[in-house]
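An overview of the molecular structure
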Amino acid sequence: MKKILRPQVVLVICLVCCLVLSSMQAYAQEKKCRLNIGASLHPYYSWAKNIVGDEANVTSIIPPGADPHAYQPMPSDMENLENLDVVIVNGVGHDEFIKPMLKAIENDKLVVINTSKGLPLIPVFNKHFNFEKDDKVAYNSHTYIAITGAIQQMQMIARQLGKLCPDQAGDFIKNVRAYSVKLRNMLQSALMRLDMLDLNNLRIATVHDGYSYLFQELGIEVSAVVQPRHGVKPSARQLEDTIKRISGPR
Amino acid sequence: MNNADIQECKEVIVAPLAAGREVLGLAVVICCIFLLAGLRYAQVAPTEDVAAKKSYQIQDIRLKNQAPVLYRSLLGAVDSITWTYEAAGNWPEISELQTESLPPFVGDFLPAGLRGFSWEMHQGETWVDYYGSNKEIVQEEKQGTDPLENSFILRIIDLRAGQYPYPYIQDAQEDRFTAQIWINPQIVDYSVGPLVERGWKWVVSGSSAVNGKVTESSGS
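Below or above, wherever it landed, is the structure these notes cover. (Residues numbered from 1 in each chain as written. Chains lettered and ligands numbered in written order. Predicted model: local features only at pLDDT ≥ 70, side-chain atom pairs only at ≥ 80, totals over all residues. Heavy atoms only, no water.)

Moving on, we come to the overall build of chain B. Counting its regular elements, chain B contains 5 helices and 8 strands. Helices and strands in chain B line up, N terminus first, as α-α-β-α-α-β-β-α-β-β-β-β-β. The buried share of chain B, reckoned over its 220 residues, is 42%. At a minimum sequence separation of 6, the contacts of chain B that also span at least 24 residues come to 63%. (Helix = DSSP H or I, 4+ residues; strand = E, 2+ residues; numbered from the N terminus. Buried < 20%, exposed > 50% of the residue type's maximum accessible area, 1.4 Å probe, protein only. Contact = heavy atoms within 4.5 Å.)

This part is about the packing of helix α5 (residues 148–164) of chain A against helix α3 (residues 67–88) of chain B. At their nearest, the axes of α5 of chain A and α3 of chain B sit 9 Å apart, and the two run at 35° to each other. In terms of crossing hand, the pair formed by α5 of chain A and α3 of chain B is left-handed. On the side of α5 of chain A, the interface is formed by Thr148, Gln152, Gln155, Met156 and Arg159 of chain A, while α3 of chain B contributes Arg72, Ser73, Leu75, Gly76, Asp79, Ser80 and Trp83 of chain B. Looking at the contact of α5 of chain A with α3 of chain B residue by residue, the classes come out as 3 nonpolar, 6 polar and 3 charged. (Axes fitted to C-alpha atoms, helices over the stretch in contact; angles between N-to-C directions. Left-handed = near helix turned anticlockwise from the far one by under 90°. Nonpolar A, V, L, I, M, F, W, Y, C, P; charged D, E, K, R; others polar.)

Let's shift gears to the packing of aromatic side chains. Residues and elements named next belong to chain B. Under the defined criterion, the tally for this structure stands at 14 aromatic pairs over all chains. Considering the side-chain rings of Trp182 and Trp202, the 5.7 Å spacing of their centres and the 25° angle between planes classify their relative orientation as stacked. Of this pair, Trp182 sits in strand β6 (residues 177–184) while Trp202 sits in strand β7 (residues 201–204), and the two are 20 residues apart along the sequence. The pair Trp182 / Trp202 is uniform in exposure class, with both members buried. Sitting above the plane of the Trp127 ring, Arg155 keeps its charged end 5.4 Å from the centroid. (Phe/Tyr/Trp six-rings, centres within 6.5 Å; stacked < 30°, edge-to-face > 60°. Lys NZ or Arg CZ within 6 Å of the ring centre and 35° of its normal.)

Let us look at the interface of chain B and chain A. Chain B puts 36 residues into the contact, and the matching count from chain A is 35 residues. When the two sides are added together, the surface that chain B and chain A hide from each other amounts to roughly 3100 Å², 53% of it contributed by carbon and sulfur. Connecting chain B to chain A are 3 salt bridges. Between Arg177 of chain A and Glu100 of chain B there is a salt bridge whose closest N-O contact spans 2.8 Å. Counting the contacts that link chain B with chain A gives 8 residue pairs in polar contact (both at pLDDT 80 or more). (Buried area = accessible area lost by both parts, 1.4 Å probe. Salt bridge = Lys/Arg side-chain N within 4 Å of Asp/Glu carboxyl O. Polar contact = N/O pair within 3.5 Å; in protein donor to acceptor, adjacent residues only side chain to side chain.)

Once that is clear, we can look at the pairing of β6 of chain B. Residues and elements named next belong to chain B. For β6, the tally of buried residues reaches 7 of 8 residues, placing the bulk of the element in the interior. One ladder, built from 8 bridges, connects strand β4 (residues 151–158) with β6; its direction is antiparallel. From the neighbouring strand, Phe152 faces β6, where its bridge partner is Ile183. Sheet topology note: the β6/β7 ladder contains 3 bridges and is antiparallel. (Pairing = 2+ DSSP bridges.)

Quick look at the side chain of Gln155 of chain A now. As for its placement among the helices and strands, Gln155 of chain A is situated in helix α5. Beyond its immediate sequence surroundings of up to four residues, Gln155 of chain A is in contact with Val176 and Arg184 of chain A together with Gly76, Asp79, Ser80 and Trp83 of chain B.

All names here are of chain A. Formed by 40 residues in total, the largest nonpolar core has its most connected members in Ile37, Ile51, Val52, Ile88 and Leu161. For this core, the elements supplying multiple residues, two or more each, are β1 (36–39), α2 (42–52), β3 (86–89), α5, α6 (169–195) and β6 (222–225). Each residue touching Leu161, except ones within four places of it in the same chain, is listed here: Leu35, Ile37, Ile51, Val52, Val86, Ile113 and Phe172. (Core = buried A, V, L, I, M, F, W, Y, C linked by side-chain atoms within 4.5 Å.)

Here we come to the sheet that holds strand β3 (residues 127–134) of chain B. Residue and element names in this part refer to chain B. Spatial ordering of the open sheet is given by β1-β7-β6-β4-β3-β2, a layout of 6 strands whose pairing is mixed. Every other strand in the sheet has two partners, leaving β1 (57–59) and β2 (117–123) as the edge strands with one partner each. Taking the axes of each pair of neighbouring strands and ignoring which way they run, one obtains an average angle of 30° across the sheet. In the packing of α3 onto the sheet, the strands contacted are β2, β3, β4, β6 and β7, and the crossing angle to β4 comes to about 30°.

So, in structure tokens, the structure goes:
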């Protein structure tokens, strides 16, 4: 009798243990913080994805290939925004489309992460501000085209997300540190290549004022920007000025 | 029509009956336009409190030469330092930061002209100063680079740990740490005591959203 019962009892105990364990796992999954994160620009999507991994849902508010300067929000975008816990925005005007959307939605829980907060900003090219008189300065919004800047912004995003999900804060920090190493290696590689060049007489003109942050990190000065504003053709006088800046003495 | 008829003609200007009302209406419309423009300006005008900037502060957009690069790099190091402090319970040494390949403590991640900076750590009970200055200026100038002739201090304060040096930013979000970057226009040695009295300037962001309320008394 003993010999017959013993395996049955063990089997029952095992089954009970399995049930308890699986229900505990399911409970832990339910309790786990899982954020819905939206990104107003594609780089923010990439950063957020690298920070959270599979621990949160990350979506891009604008579709792939869309130009954020000219983007017109669709009704479905509003619906998506209302279901988000967090939205990551530029904060210096590169994603102007998001402002009216944020005003219009009814989502009190939505946390807006402004990636430009605490970031050293560069004034727009070729505008002369009187700092003594505390002129209102217009800043270059291409803060995401940078490496050190990207690391700083990612750290800030990770910090904010960590506050919302404290249990996962450690993972977010670990992921940012790992990704930062990759980015710094890219920076070092670029700097090493620049070291081999003679930059003394180098003058750079960019079509669009989008690379100031990156060039600053590389120690390169932008001499001229062809487009006065995004998508605006330069006048004859502006072109003449650009040519002078490129061809004249440094 | 002969010459006699022309001489008899007389130019008569008759004001329209409603001219007064038209002028009044136009004046009202102009006033309304000005009023609307004023209201719109008040709505979109910057709320930046310019007066909040102290005499010992300098806006980051006014940094010259390669100083913005070093400033940016120091800001980027803050989180790594505080995360290490939180995990280990003490401020990381320079050698630790170099092992971690953290710029600007490792010059390889900086453009030429900033690689000669050497760094020292000075700490109090609740704060740490990472002081750096370029000791290799002469050598770098010989190599044809344009070295930066400034000194920097990255000061990180643990606001929850007790007494801390002044001034500091009272952040509305009540973060545990606050970081300050100080610049001296010359290469000077590190000295203990208030930096303000020794010609150091606290670099603050040019954008208003960043700066909280500055408190000038020491805090705890």
